[in-house]
Amino acid sequence: MSSYQAWQVAQKEDGSFWGHEETLNTDDLPHGSGILIKVSHSSLNYKDALSANGNKGVTRKFPHTPGIDAVGRRVDDDSPVLVTGYDLGMNTNGGFGEYIKVPEEWIASVPFANPRVSMIYGTAGLTAGLCVQKLRKIGATPQDGKVVITGATGSVGSVAVELLTMLGFDVVAISGKAPKHLLELGAKEVLPRSALEATKKPLVKPLFAHAIDTVGGRPLAELLKQIQPGGSVVCCGMVTGVGLETTVLPFILRGINLLGVDSVEIPLSEKQAIWDLLAGDWACPKTEASAKYIGRHQLDKYLSAFLEGKSSGKIVLDHSLTQSKI
């Protein structure tokens, strides 16, 4: 048995939830026959914020340790390993603790020279890579025209902006935040959220060849009306809502495609392929250079920013950063 530190979420008597550091034991981790991993870094995601806020659609039972991403070393052979998605950080204790125990089939190898770089990308970077891969698989090319990205300052959108720019696409970013960072990542143009304000018209002037949508809801419905004939929209998020009120007209009059991306339950081999690309030809140096590292004692502040729509860029949890070291 080994004791370790974890940032755990518990429910108070009044029904509210609070996050705090707790000393736990590895013997209490689930997946008794699983692989024990000593975690060095994790990555902050919107789903972690939901779990920390007591969202029962993400995490059923509390107390619980969030963190849907983790990189570290196997205890049995000291090899560097990477885990994202599946049930990690949802109902299986996650990367906000110094140890996790997971099934072998959840574990990917680390292609990065420095393992902590994998957490700059995390599930968000993996999702961005899967979105770009899906566009390329349906034949999208820079010659098609502009590609628009919603929620562009978020952890998924910002990686997608830099990656598509490096691949030669003209990127238009939509964001409610200042445009400077997005322009530095390579966006040719930054539009305000009002570019996707609700209209009664079922179709409007087609402005974009393709799109990556990270927000869902009403903005996605409006985005579908602005896609050029034969274009595609890759959907991967639900920040503004899970509903989608639209008509069939963009699909039957312009022949557009709405494509979904799942980064959680897909086969490990598909995740590994994207990780290998992000560590090689698809590396995003500007994203890597701008990452912010925090300690466990700062998690509450940065997770709250996700729920308030104030988070931007990549935030990495470094378990070696204690309050006394910052």
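Computed from a predicted model, the values in this text were never measured in an experiment.

A. Representation of the side chain of N93 within the structure. Relative to the helices and strands, N93 is located in the loop between β5 (80-84) and β6 (99-102). In this view, N93 contacts Y4, L29, H64, T65, L88 and I100; residues no more than four positions away in its chain are not counted.

B. Helix α7 (residues 268-278), seen in detail. Those residues of α7 lying buried are K271, Q272, I274, W275 and L278. Buried residues of α7, seen end-on, are gathered within an arc of 165° and therefore sit on one face of the element.

C. Representation of the packing of helix α2 (residues 117-137) against α7. With their axes 9 Å apart at the nearest point, α2 and α7 run at an angle of 105° to one another. Judged on the interaxial angle alone, α7 and α2 are roughly perpendicular. Between α2 and α7, the residues in contact are S118, Y121, G122, G125, L126, G129, L130 and Q133 and K271, I274, W275 and L278, respectively. Here the residues of the contact of α2 with α7 are counted per class, giving six nonpolar, five polar and one charged.

D. Local environment of a nonpolar patch on the surface. On the surface, V248, I252 and L253 cluster together into a nonpolar patch covering about 320 Å² of accessible area. Tracing the backbone shows L253 in the loop between α6 (249-252) and β13 (257-260). The class for L253 is exposed, based on a relative accessible area of 58%.

E. Layout of the pattern of salt bridges. Summed over the entire model, instances satisfying the criterion amount to ten salt bridges. Close ionic contact of R296 with E98 constitutes a salt bridge, the shortest N to O distance being 3.7 Å. You can see R296 sitting in the loop between β14 (292-294) and α9 (299-307) and its partner E98 sitting in the loop between β5 and β6, a full 198 residues away along the chain. As far as the burial class goes, R296 and E98 line up, both buried. Here E222 ties to R218 by a salt bridge, and the two come within 3.2 Å at their closest N and O atoms. In this pair, E222 and R218 both sit in helix α5 (residues 217-224), four residues apart, roughly one turn of the helix. Through salt bridges with shared partners, a single ionic network connects R74, D76, D77 and E104.

F. Structural detail: the sheet that holds strand β8 (residues 147-149). With parallel pairing, the six strands of this open sheet are ordered in space as β10-β9-β8-β11-β12-β13. This sheet does not close on itself; its edge strands, each paired only once, are β10 (189-191) and β13. The mean angle between the axes of side-by-side strands here comes to 20°, regardless of whether they run parallel or antiparallel. The pairing of strand β12 (residues 227-235) with β13 spans four bridges and is parallel. Within β13, the position partnered with V233 by the bridge is L258. In this fold α2 packs onto β8, β11 (208-213), β12 and β13, with an angle of close to 150° to the strand it touches most, β11.

G. Broad picture of the side chain of S263. Of note, S263 is situated in the loop between β13 and α7. Here T127 takes part through its side chain, which lies 2.9 Å from a polar atom of the side chain of S263. With sequence-adjacent residues up to four places away left out, S263 is seen in contact with T123, L126, T127, L130 and K271.

H. Main features of unusual backbone geometry. With omega at 5°, the peptide bond leading from F62 into P63 counts as cis. With respect to the helices and strands, the residue P63 is situated in the loop between α1 (46-52) and β4 (69-74). Here D78, not a glycine, exhibits a phi torsion of approximately 65°, which is positive. In this structure, D78 sits in the loop between β4 and β5. Of note, Y86 is a non-glycine position whose phi angle comes to about 55°, a positive value. In this fold, Y86 is placed in the loop between β5 and β6.

So, how was this worked out
Residues numbered from 1 in each chain as written. Predicted model: local features only at pLDDT ≥ 70, side-chain atom pairs only at ≥ 80, totals over all residues. Heavy atoms only, no water. Helix = DSSP H or I, 4+ residues; strand = E, 2+ residues; numbered from the N terminus. Contact = heavy atoms within 4.5 Å. Buried < 20%, exposed > 50% of the residue type's maximum accessible area, 1.4 Å probe, protein only. Arc of directions from axis to C-beta. Axes fitted to C-alpha atoms, helices over the stretch in contact; angles between N-to-C directions. Parallel < 35°, antiparallel > 145°, perpendicular 65-115°, else oblique. Nonpolar A, V, L, I, M, F, W, Y, C, P; charged D, E, K, R; others polar. Patch = residues over 30% accessible without salt bridge, like charges linked within 9 Å, V, L, I, M, F, W, Y side chains within 5 Å. Areas by Shrake-Rupley, 256 points an atom, 1.4 Å probe, with all protein chains shown as cover. Salt bridge = Lys/Arg side-chain N within 4 Å of Asp/Glu carboxyl O. Pairing = 2+ DSSP bridges. Polar contact = N/O pair within 3.5 Å; in protein donor to acceptor, adjacent residues only side chain to side chain.

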